[in-house]
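Take a look at the letters that make up each chain.
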Amino acid sequence: MDIATIIGILLGFFVIISAIVAGGGGKMFLHLPSLAITIGGMLCATLIHFSLSQFLGIFSVVKKTIVTKIPPPSELIQKMVNYAAINRRDGALALEQEIRKLDDLFFIKGLQMLVDGQEVDAIREIMTLEVENLQTRHSTGKKILEFMGAAAPAFGMIGTLIGLVLMLKSLDSPDKIGEGMAVALLTTFYGALSANLIFIPLAGKLGLYSKAETTAMEMIVEGVCAIARGENPTAVREKMQAFVSQSRREEIKANI
Amino acid sequence: MDIATIIGILLGFFVIISAIVAGGGGKMFLHLPSLAITIGGMLCATLIHFSLSQFLGIFSVVKKTIVTKIPPPSELIQKMVNYAAINRRDGALALEQEIRKLDDLFFIKGLQMLVDGQEVDAIREIMTLEVENLQTRHSTGKKILEFMGAAAPAFGMIGTLIGLVLMLKSLDSPDKIGEGMAVALLTTFYGALSANLIFIPLAGKLGLYSKAETTAMEMIVEGVCAIARGENPTAVREKMQAFVSQSRREEIKANI
Amino acid sequence: MDIATIIGILLGFFVIISAIVAGGGGKMFLHLPSLAITIGGMLCATLIHFSLSQFLGIFSVVKKTIVTKIPPPSELIQKMVNYAAINRRDGALALEQEIRKLDDLFFIKGLQMLVDGQEVDAIREIMTLEVENLQTRHSTGKKILEFMGAAAPAFGMIGTLIGLVLMLKSLDSPDKIGEGMAVALLTTFYGALSANLIFIPLAGKLGLYSKAETTAMEMIVEGVCAIARGENPTAVREKMQAFVSQSRREEIKANI
Amino acid sequence: MDIATIIGILLGFFVIISAIVAGGGGKMFLHLPSLAITIGGMLCATLIHFSLSQFLGIFSVVKKTIVTKIPPPSELIQKMVNYAAINRRDGALALEQEIRKLDDLFFIKGLQMLVDGQEVDAIREIMTLEVENLQTRHSTGKKILEFMGAAAPAFGMIGTLIGLVLMLKSLDSPDKIGEGMAVALLTTFYGALSANLIFIPLAGKLGLYSKAETTAMEMIVEGVCAIARGENPTAVREKMQAFVSQSRREEIKANI
Amino acid sequence: MDIATIIGILLGFFVIISAIVAGGGGKMFLHLPSLAITIGGMLCATLIHFSLSQFLGIFSVVKKTIVTKIPPPSELIQKMVNYAAINRRDGALALEQEIRKLDDLFFIKGLQMLVDGQEVDAIREIMTLEVENLQTRHSTGKKILEFMGAAAPAFGMIGTLIGLVLMLKSLDSPDKIGEGMAVALLTTFYGALSANLIFIPLAGKLGLYSKAETTAMEMIVEGVCAIARGENPTAVREKMQAFVSQSRREEIKANI
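Residues numbered from 1 in each chain as written. Chains lettered and ligands numbered in written order. Predicted model: local features only at pLDDT ≥ 70, side-chain atom pairs only at ≥ 80, totals over all residues. Heavy atoms only, no water.

*Asks:* Is there a simple way to think about the overall build of chain A in this case?
*Replies:* Along its length, chain A carries 9 helices and 0 strands. If you list the helices and strands of chain A from N to C, you get α-α-α-α-α-α-α-α-α. Here the C-alpha radius of gyration of chain A, 25 Å, is well above what a compact globule of 256 residues would show, namely 18 Å. Its C-alpha atoms give chain A principal-axis dimensions of about 90 × 35 × 30 Å. By residue count, 53% of the 256 residues in chain A fall in the buried class. Contacts in chain A between residues at least 24 apart in sequence constitute 80% of all its contacts with a sequence separation of at least 6. A total of about 11,200 Å² of accessible surface is found on chain A, and carbon and sulfur atoms cover 63% of it. (Helix = DSSP H or I, 4+ residues; strand = E, 2+ residues; numbered from the N terminus. Rg over C-alpha atoms; globule rule 2.2 N^0.38 Å. Buried < 20%, exposed > 50% of the residue type's maximum accessible area, 1.4 Å probe, protein only. Contact = heavy atoms within 4.5 Å. Areas by Shrake-Rupley, 256 points an atom, 1.4 Å probe, with all protein chains shown as cover.)

This is the structure:
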């Protein structure tokens, strides 16, 4: 679970809302029609730009980014070395019991194929395809979030223009100018806040997370295939450690 | 037919128009001279940037993007495998009847050349040229839409400057200030709305669609050529499936 | 002659001027000092950025882009095949009469070198250098137009700042505020209009034109050299047609 | 120690504060809630974008950039040549005494491994990993500073929008308009000032510094390995001087 | 001497100042505190971004760009051919007298090494290092000018924010609003003017100049080395002319 993301979002909204309340504002900052223009318009533009399935997928991608804990490489290596030892000593079937202790679906799937006695090449092909699918989902998710971060301020401005035109119409009742203007500015406020506190930073975090998860998955692929070829625990450890030198930094950073 | 595009555009305009009507505006947001400056100016700039034929082609490119249904790879593979079987069993002429059941013009053209007994190389050359033509049309269409998305807000601002200067001239009749200002802002509103709800997202969708359609066409080229060489259904299936691993994701997303 | 460019510029100015006149403005939109700041400042910045000869060359480059008609490849191929036939039948000297019927200076120069009996390598070297010179001129011209498109709005804003400061000085005579403000906004209007209706789209058109003219010139180089080597008409046609598959689309679009 | 950075920041704030005081402002420019929105919001967005460890690391990276003095190449070469001579004359153990005179931790670590008699390959691997770690820290630091430089003005604008809405609410008490507006503008001021005087230029300086320190470290790696292989002082000097031709300029600039 | 740069800067300031004076402004546009914020802030940010030596070097780089006359290739070739003839006829020492007639320090240095009888490889290495140093200085200079062109408008905006806050404080004395606002806008004016009339175009000119001077220096290196190898005048001419085909255009443009 990525604590930094959750802290950042909660603290960010706390800072903004505190400032509003301290300044004497409150309910006036929650204006549903303004929210509808900014967020609704942004969502519609995203629907036009991307396809329906890409659009619907973004929510699960973001949720997984925040919730999923990527195991540290050292933990992965330790487990894989154990499995290699069990495989050499008691055969692949003995790994069946180990699978029950895991909760990483990708790891489970790989080991299950191993236990089922599938060919190394088949295991590698199926698992690699899954890694590629993940990378595509992440990279599409990053593009969608970046597009949302650009579209939200744009629709905020469109909303403000609508509000200004409506206000200028009733310029003869000067006591309403202030209120009309305040409401008009709310859409720009919603657009700027959602883009800068949510969409743009989340797109960045998704990029970091994608690198870390991809490396972990590639380590699992390499380890499971080495075990499937019946390699000894030392060889398995070496194969997996080759990833660490290039991934350790990423892992340390993403595994908070 | 790409439902996401249509939903996005209709829903987007519904959200914006609802907000306007709810705010008490309505007819005042439809100002034909302002529309002429923004859309007219943008179209003129597009004419200067691109050539007349590129400019006229953009409408059919966009229409095709929204209307055309790209068949899923599995359907294409199934059909092609059937044709390969017919070709091996009854000869190429027996495919004539199958052509009548198709409605994809590119597929029909390829099969017709096959039935007419043309050389494999000639079939491949002619069909590949058509794929390249499509890619050029799509990439030019994307550039035009992106240019329109940049030009529309620019001409919106030019219109607002004209409106402001006209309004400032009659500053002595203060009751007209509000109305003049409101009208002046409409061009910026039109420019921002058309760019962010239509041109920019459509350019993105065109890029996605182009990838999906190109892959489908390349699969047809590969399949027709394989049949023309008299390959058996299994070989045809394998040749076409090579595209799926790299295209499945694109296809799933674009085929809504 | 590129009709789209001329239609676009004329129609664009017609739309803008119509909107101004319809709005009750007219002479007030023509303010020479404002024009001097925007266009003068932009030209000075261009002079500093580029060299004197590059700066002076831009006008002829733009004029040529709009005025020059690029012959369609089919016409070029037809002529070249005729010349190859004449050359084989009557010798190179017989081409002298054909030169008089041409009005493309580059074509004339190539044929003249052929008639003068120069070596193929010398002809190719001299003609290729001319193609490269053209590409450099076009690419420099595109950069200058793009710089102008960025500098014009900047100097428009500078002019508006000058106008605002001048107006704010005389804030005590409120009847002049409107007029001062209107004049101040004119420079921004000039900058935005010239950039978006002239410089930016012209830079784009120059890029398209450059590709089309370069291809036509390369076809002439290839054709003249083939004739100089005494190749037969069929071989000349084939050499030149190799360009068409890759250039046809460009040509069709640029040759309006 | 990089004097330019310190002079630039101190002088920059002196210029800005002088201008404020000279204009009759003072305490009114220090508004803690505004500071909280701008800097707090920016820090929260940075937390969401990056991971907790990357975020916390930025402070030490910046501190090291300003405080650390990179030794000039000539000094490094002189020391290494001396050590090579000592190593050849008295053996590696005699270098133990030299280590005490150094204060560069990376240099000390390398020499210590040499004295401890480790293999050349092991020394190179460990030291190179440290150089790579530094480059990653610097490049991440640069990205974080650049993101802060983009987020600070964005949250400044968000703060100004909040201030404007709050002010427009109390438009009926016109004596408060000026004050409310002034406070609203402070967040934009904080955002623009911190981005342009701190974050953006510091990101640039970090890039320069990273190049200079990396080169110095690579020279130490090369020198220590050459000594470990028992090469003579002249060979060591030549190996290290190969870096100077490409690094001299960087070094001269970064070593103020 | 680059006349276009000087004409552009002088004429640009003449146009702007004329417009100010014609509009009735004058001394009010010269406000030293505003100048201090904009230019001072920009210089401080540049100091933080770059190192002290890079910062101080920018002035001489710009001065050299404007003042130095790059000799046309034809002149360089003519001289070098003469020197080659003298060298073959009377020996290298006879070139001593020719050196006194030169005023290009780089050319003098090269010939002097030739007269001093240094090895060809040593001459080439030393001269090439100098060419590389020049390119680094120019490219750093271009980056500094571009940074200045981005920082000046930013500090102009910061100054305007300070001015607005100061003005809004004294909103109760409405006769001072206009003046305060006018002064506040001056910093934005200074920032926009210095960036668009000086820093951004000068960065472009420096790039053009760098290409032209580098080519001239490379021709000198090639020529001096050819003479040092005792090649005959014709061979020297050919070696140098190889540069002309690719440099002629650059030279013609930069040598105004």
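*Asks:* What's the story with the interface of chain C and chain E in this structure? I'm lost.
*Replies:* Interface extent is often summarised as the accessible area lost during association of the parts. Taken together, the contact between chain C and chain E spans 31 residues of the former and 42 residues of the latter. Of the roughly 3,000 Å² buried between chain C and chain E on both sides combined, carbon and sulfur atoms contribute 78%. Linking chain C to chain E there are 0 salt bridges. On inspection of chain C and its partner chain E, the count reaches 3 residue pairs in polar contact (both at pLDDT 80 or more). At 17 residues, the largest contribution of residues to the side of chain C that touches chain E is made by helix 7 (residues 120-169) of chain C. A per-class count over the side of chain C that touches chain E returns 21 nonpolar, 8 polar and 2 charged. (Buried area = accessible area lost by both parts, 1.4 Å probe. Salt bridge = Lys/Arg side-chain N within 4 Å of Asp/Glu carboxyl O. Polar contact = N/O pair within 3.5 Å; in protein donor to acceptor, adjacent residues only side chain to side chain. Nonpolar A, V, L, I, M, F, W, Y, C, P; charged D, E, K, R; others polar.)

*Asks:* Just to check I follow, could you spell out the packing of helix 1 (residues 3-22) of chain E against helix 8 (residues 177-228) of chain E for this structure?
*Replies:* When two helices pack together, you describe them by how their axes are tilted relative to each other and by the distance separating the axes. Residues and elements named next belong to chain E. Close contact between helix 1 and helix 8 brings their axes to 11 Å; oriented N to C, the two are set at 165°. With respect to helix 8, the element helix 1 is oriented roughly antiparallel. As for the relative orientation of helix 1 and helix 8, their crossing is right-handed in sense. Where helix 1 abuts helix 8, its residues Ala4, Thr5, Gly8, Ile9, Gly12, Phe13, Ile16 and Ile20 lie against Phe189, Leu193, Leu197, Ile198, Leu202 and Lys205. (Axes fitted to C-alpha atoms, helices over the stretch in contact; angles between N-to-C directions. Parallel < 35°, antiparallel > 145°, perpendicular 65-115°, else oblique. Left-handed = near helix turned anticlockwise from the far one by under 90°.)

*Asks:* Just checking my understanding: could you explain a nonpolar patch on the surface for this structure?
*Replies:* Among the surface-exposed residues, A:Ile3, A:Ile7, A:Leu11 and A:Phe14 lie close enough to one another that they form a single nonpolar patch of about 360 Å² accessible area. Judged by its relative accessible area of 39%, A:Ile3 falls in the partly exposed class. (Patch = residues over 30% accessible without salt bridge, like charges linked within 9 Å, V, L, I, M, F, W, Y side chains within 5 Å.)

*Asks:* What's the story with the pattern of salt bridges in this structure? I'm lost.
*Replies:* Two side chains carrying opposite charge are able to pair once their charged atoms lie near each other. Enumeration according to the criterion identifies 45 salt bridges over all chains in this entry. The salt bridge partner of D:Lys101 is D:Glu98, with a shortest N-O separation of 3.3 Å. What makes D:Glu98 buried here is its relative accessible area of 17%. Linked by salt bridges that have partners in common, A:Arg229, A:Glu231 and A:Lys239 make up one network.

*Asks:* Where do I start with the relation of the copies chain E and chain D in this structure?
*Replies:* Copy one and copy two of the chain differ by a rotation about an axis and a translation along that axis. Placing chain E over chain D gives an RMSD of 0.1 Å and needs a rotation angle of 72°, together with 0.0 Å of translation along the axis. Those values place the two copies in the arrangement expected of a five-fold rotation axis. (Least-squares fit on C-alpha atoms with pLDDT ≥ 70 in both.)

*Asks:* I would appreciate a short explanation of the arrangement of the chains in the present structure.
*Replies:* If you take every C-alpha in chain B and every C-alpha in chain D, the smallest gap between them is 18 Å, and the two do not touch. In this view chain A stays clear of chain E, with the nearest C-alpha atoms of the two still 18 Å from each other.

*Asks:* Which parts of the structure should I look at to understand the interface of chain E and chain D?
*Replies:* Listed as interface residues are 31 residues of chain E and, on the opposing side, 42 residues of chain D. Buried surface at the junction of chain E and chain D, both sides included, amounts to about 3,000 Å², of which 78% is carbon and sulfur. Run the count over chain E and chain D and you get 0 salt bridges. On the surface where chain E and chain D come into contact, there are 3 residue pairs in polar contact (both at pLDDT 80 or more).

*Asks:* I keep staring at the confidence of the model for chain A and nothing clicks. Help me out?
*Replies:* Atom-level detail of predicted coordinates should not be read off regions where pLDDT is low. Residue and element names in this part refer to chain A. The pLDDT averaged across chain A works out to 87; a share of 93% of its residues lies at or above 70. Here helix 9 (residues 233-254) stands out as the least confident element of chain A, with mean pLDDT 67; helix 2 (residues 32-49) is the most confident, with 94. Our summary of model confidence lists the complex with pTM equal to 0.87 and ipTM equal to 0.83. (pLDDT = per-residue confidence, 0-100.)

*Asks:* Whenever I open this one, the nonpolar core confuses me. Can you help?
*Replies:* What tends to happen in soluble globular proteins is that the nonpolar side chains get buried as a cluster. By size, the foremost hydrophobic cluster in this structure holds 234 residues, and its most contacted members are A:Phe189, B:Phe189, C:Phe189, D:Phe189 and E:Phe189. Ignoring any residue separated from it by four or fewer positions in sequence, one finds D:Phe189 in contact with D:Ile16, D:Ile20, D:Phe29, E:Ile158, E:Leu161 and E:Ile162. (Core = buried A, V, L, I, M, F, W, Y, C linked by side-chain atoms within 4.5 Å.)

*Asks:* What is the right way to read the packing of aromatic side chains from this model?
*Replies:* The description of an aromatic ring pair uses the distance of the two centres, along with the angle that the planes make with each other. Taken as a whole and assessed by the stated rule, the structure comprises 25 aromatic pairs over all chains. With a centroid separation of 6.0 Å and an interplanar angle of 75°, the aromatic rings of B:Phe50 and B:Phe147 are classed as edge-to-face. Taken together, the residues span a long stretch of sequence, with B:Phe50 in the loop between helix 2 (32-49) and helix 3 (52-67) and B:Phe147 in helix 7 (residues 120-169) at a distance of 97 residues. Look at D:Tyr83 and D:Phe107: their rings are 5.9 Å apart centre to centre, the planes differ by 65°, and that puts the pair in the edge-to-face class. With D:Tyr83 in helix 4 (residues 73-90) and D:Phe107 in helix 6 (residues 105-115), this pair connects stretches of sequence that are 24 residues apart. Here D:Tyr83 matches D:Phe107 in class, with each residue buried. Counting every residue linked through ring pairs, the aromatic cluster contains A:Phe29, A:Phe189 and A:Tyr190. (Phe/Tyr/Trp six-rings, centres within 6.5 Å; stacked < 30°, edge-to-face > 60°.)

*Asks:* Would you take a moment to explain helix 8 (residues 177-228) of chain C for this structure?
*Replies:* Residues three or four positions apart in an α-helix share a direction because the helix packs 3.6 residues into each turn. Residue and element names in this part refer to chain C. Over its 52 residues, helix 8 runs 74 Å from end to end, which matches the ideal 76 Å to within 8%, given 1.5 Å per residue. Of all the bends found along helix 8, the most pronounced is centred on alanine 195 and spans about 45°. A large share of helix 8 lies buried, amounting to 40 of its 52 residues. Once helix 8 finishes, glycine 230 follows within two positions and takes phi at roughly 75°, a positive value. (Expected span 1.5 Å × (residues − 1). Bend = angle between axes of the 7 residues up to and from the residue.)

*Asks:* In this structure, what is going on with the environment of D:Val224? I would like to understand it.
*Replies:* Residues and elements named next belong to chain D. Position of valine 224 among the secondary structure elements: in helix 8 (residues 177-228). Judged by its relative accessible area of 0%, valine 224 is buried. When residues no more than four places from it in sequence are discounted, the contact partners of valine 224 are Met80, Phe107, Gly110, Leu111, Leu114, Ile123 and Met127.

*Asks:* What exactly am I supposed to notice about the side chain of A:His138 here?
*Replies:* Residue and element names in this part refer to chain A. Looking at where histidine 138 falls in the secondary structure, it is placed in helix 7 (residues 120-169). The exposure class of histidine 138 is buried, given its relative accessible area of 6%. Apart from the residues within four sequence positions on either side, histidine 138 is in contact with Val61, Leu206, Tyr209, Ser210 and Glu213.

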